[in-house]
Amino acid sequence: MTSCPFWEALSRRASEVDSYLCVGLDPHRASSAAEAEAVCVSILEATAAYVCCCKPNSAFFEAHGGAGMEALKAVIARAEELGIPVVLDAKRGDVGSTAAKYARAAFE
């Protein structure tokens, strides 16, 4: 992806794929950082022709510690290789399943 303002990149991508679809990347069932990365990369590759952006949920990576953060960086890098803009979902105070992952990352 070229270096340009996010909204410009998003607009360009939406025009290229004729879609406003954003694919959420929430690897709920991943038991490891490697599995979370593999699941998300697989989804990215399967949907690349149809999505204008992707939204990986940081909580599901943070719950795996440092290895999870490295996996998140790899997912973002793959999205960029595919030309897919990334919206990082890193909000706090979220729904139960996500809040539980943030709690695990912070306290376990």
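Residues numbered from 1 in each chain as written. Predicted model: local features only at pLDDT ≥ 70, side-chain atom pairs only at ≥ 80, totals over all residues. Heavy atoms only, no water.

Counting across every chain of the model gives five salt bridges. Here aspartate 89 ties to lysine 55 by a salt bridge, and the two come within 3.1 Å at their closest N and O atoms. With aspartate 89 in the loop between α4 (65-81) and α5 (96-107) and lysine 55 in strand β2 (residues 53-56), this pair connects stretches of sequence that are 34 residues apart. We classify aspartate 89 as buried; its relative accessible area is 7%. Between glutamate 70 and lysine 73 there is a salt bridge whose closest N-O contact spans 3.1 Å. With glutamate 70 and lysine 73 both in helix α4 and three residues apart, this pair spans about one turn of that helix. Judged by relative accessible area, which is 47%, glutamate 70 ranks as partly exposed. Members of the salt-bridge network, linked through shared partners, are Glu45, Arg78 and Glu81. (Salt bridge = Lys/Arg side-chain N within 4 Å of Asp/Glu carboxyl O. Helix = DSSP H or I, 4+ residues; strand = E, 2+ residues; numbered from the N terminus. Buried < 20%, exposed > 50% of the residue type's maximum accessible area, 1.4 Å probe, protein only.)

Counting residues in each nonpolar core, the largest one holds 17 residues, and the members touching the most others are Leu25, Leu44, Cys54, Phe61, Val75 and Ile84. Contributions of two or more residues to this core are made by β1 (22-25), α2 (33-47) and α4. With five residues, the single largest contributor to this core is α2. Excluding residues that lie within four positions of it along the chain, leucine 25 makes contacts with Cys40, Ile43, Leu44, Cys54, Lys55, Pro56, Asn57 and Val75. Ranked by size, the runner-up nonpolar core spans five residues in total, among them Leu10, Ala14, Val17 and Cys52. (Core = buried A, V, L, I, M, F, W, Y, C linked by side-chain atoms within 4.5 Å. Contact = heavy atoms within 4.5 Å.)

Now for the pairing of β1. Burial of the side chains of β1 is restricted to one face: Val23 and Leu25 are buried, whereas none of Cys22 and Gly24 on the reverse face is. Of the pairings in the sheet, the one linking β1 to β2 comprises four bridges and is parallel in character. Across the sheet, residue valine 23 finds its bridge partner in β2, namely cysteine 54. Chirality of the crossover, the property in question, places the unit of β1, α2 and β2 among those that are right-handed. (Pairing = 2+ DSSP bridges. Right-handed = clockwise from strand over helix to strand, strands pointing away.)

Keep in mind that these numbers describe shape and distance, not what the molecule does.
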